[in-house]
Amino acid sequence: MFDFSAVVDRHGTWCTQWDYVADRFGAADLLPFTISDMDFATAPCIIDALQQRIDHGVFGYSRWKNDAFLAAVAHWFQQRFNSRIDRESVVYGPSVIYMVSELIRIWSQPGDGVVVHTPAYDAFYHAIEGNQRNVVPVGMLKQTTGWQGDMQALETALAKPENKILLLCSPQNPTGKVWTRHELTVMAELCARYDVAVISDEIHMDMVWGEHRHTPWNDVARGTWALLTSGSKSFNIPALTGAYGLIGDEESRTRYLRALKGRDGLSSPSVLTLTAHIAAYQQGEPWLEGLRAYLQENLQYVARELNQAFEQLNWQPPEATYLAWIDLRPLGIDDNALQKVLIEQQKVAIMPGYTYGREGKGFIRLNVGCPRSKLEQGVQRLIAGIASLQ
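Criteria and thresholds
- Residues numbered from 1 in each chain as written.
- Predicted model: local features only at pLDDT ≥ 70, side-chain atom pairs only at ≥ 80, totals over all residues.
- Heavy atoms only, no water.
- Phe/Tyr/Trp six-rings, centres within 6.5 Å; stacked < 30°, edge-to-face > 60°.
- Helix = DSSP H or I, 4+ residues; strand = E, 2+ residues; numbered from the N terminus.
- Buried < 20%, exposed > 50% of the residue type's maximum accessible area, 1.4 Å probe, protein only.
- Lys NZ or Arg CZ within 6 Å of the ring centre and 35° of its normal.
- Salt bridge = Lys/Arg side-chain N within 4 Å of Asp/Glu carboxyl O.
- Pairing = 2+ DSSP bridges.
- Axes fitted to C-alpha atoms, helices over the stretch in contact; angles between N-to-C directions.
- 1 Å grid on protein atoms, 1.4 Å probe; cavity = no way out; pocket = protein on both sides within 12 Å on 5 of 7 lines; lining within 4 Å.
- Points joined across faces, edges and corners; volume = space filled by probe spheres on them.
- Nonpolar A, V, L, I, M, F, W, Y, C, P; charged D, E, K, R; others polar.

Draft legend 1. Structural detail: the packing of aromatic side chains. Enumeration over the complete set of coordinates arrives at 17 aromatic pairs. For the ring pair F40 and Y294, a centre distance of 5.8 Å and an interplane angle of 90° mean the geometry is edge-to-face. With F40 in the loop between β1 (31-33) and α3 (44-56) and Y294 in helix α11 (residues 285-309), this residue pair connects regions lying 254 residues apart in the sequence. For Y294, a relative accessible area of 11% gives the class buried. Aromatic side chains W325 and F363 sit 4.8 Å apart centroid to centroid with 5° between the ring planes, which places their arrangement in the stacked category. Here W325, found in strand β11 (residues 323-327), pairs with F363, found in strand β13 (residues 363-367); they are 38 residues apart in sequence, far enough to count as distant. The pair W325 / F363 is uniform in exposure class, with both members buried. An aromatic cluster is defined as three or more aromatic residues linked by ring pairs; in this entry it consists of F2, F4, F40, F69, W76, F235, Y244, Y281, W287 and Y294. Sitting over the face of the ring of Y294, R372 holds its NZ or CZ atom 4.7 Å from the ring centroid.

Structure representation (structure tokens):
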């Protein structure tokens, strides 16, 4: 029903991934597989809804706390995850990272520790350090069966009184790890035991593959907590801005909303964001399922081509996300040398693993959210670049 192989030219649209690739990679003429948005046009039902709203012609101040938006969010959690949410717990924010930063300020003081599983999404480091808190890393464990959390190391970190928050990424970016319900339950118990608040970033919640299942944090939560997410990744609408979340206790919700409206003046959302989310969550599931199938085939393509070229990699697609987290350490290639070859010779931009912390050294993160024709070019250039260094 939906053609994800169609190529959409994003040049000249003020696009971060294409028009501003030189900001990070130093060259403008690169084929990019970088920031985690996709090269697909969004769902037709969203475009139709946006067009209808644009045709209305009036774009005054709006309210996010309306029955249509709250009903759409509740429907999505019930439909996708069999999870019932309390609509009174729903809050809005201009972005997930804004919401993360505000909750860090509410639930901790400068100098306190924020625990994160590493390698970690690079914006987590910025949000923590930018608010004068300390990153407390707990390294993920790579095993033959996939990525695992180190629960003993996590408990050691949570037990230290200066560590006030666990900033969880679920599913985990960049590893693609899907936390099981049991793992999340253990984390919830540990955080309650040591009086540590939880901020769970679940923006990739719809991109979980195979037999793996996403468990929303509200299903296991204890103590002080927030679940933050958006339809922006799933439906490729981040440029519309806007996110939402669930905050478990009324006092924290009140403090958050007071800062959002009173201090920062951000309580009136983009009406197009509300329109897009309502359409996505009420009508967009068939499109999303088609997209999910296409992305999984993209990940399988990466695995076939890489493992055929370099058998020792034995790379397997992640449990979640459209971000291929590729361990190149078995090849003994220097990170900086590889980036130089990819940029200068192969003319391709792929995120170096060290972007996500020291535990990412020896890895790359390849965004497969694109038509197969583009992915084929990128993977073949990656293979050629690696081969030139061997």
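That covers the picture; the talk isn't over yet.
Draft legend 2. Examining the pattern of salt bridges more closely. For the structure on display, the rule yields 19 salt bridges. Here D37 makes a salt bridge to R10, at a shortest N to O gap of 2.9 Å. One end of the pair, D37, is in the loop between β1 and α3; the other, R10, is in the segment before α1 (16-19), and 27 residues separate them in sequence. The burial state of D37 is the same as that of R10; both residues are buried. Of the charged contacts, one joins R80 and E289 as a salt bridge, the two residues approaching to 2.8 Å between their closest N and O atoms. Here R80, found in helix α4 (residues 67-81), pairs with E289, found in helix α11; they are 209 residues apart in sequence, far enough to count as distant. Among the charged side chains, a network of salt bridges with common partners joins R10, D37, D39 and K374.

Draft legend 3. Region of interest: the sheet that holds β13. One open sheet holds the four strands; their spatial order is β1-β12-β13-β11, and the pairing between them is mixed. In this open sheet, the two strands that pair with only one neighbour each are β1 and β11. Looking at each pair of strands side by side, their axes are set apart by 35° on average, direction ignored. Relative to strand β12 (residues 348-352), β1 runs parallel, the two sharing three bridges. For P32, the partnering residue across the bridge sits in β12 and is A349.

Draft legend 4. A look at the layout of surface pockets. In this structure, the second largest pocket spans a volume of roughly 670 Å³. Along the walls of the second largest pocket sit 26 residues, with G146, W315, Q316, P317 and P318 positioned nearest its centre. Counting only elements with at least two residues in the lining of the second largest pocket, the list comes to β5 (141-143), β6 (146-148), α11 and β11. The residue makeup of the lining of the second largest pocket, split by class, is nine nonpolar, twelve polar and five charged.

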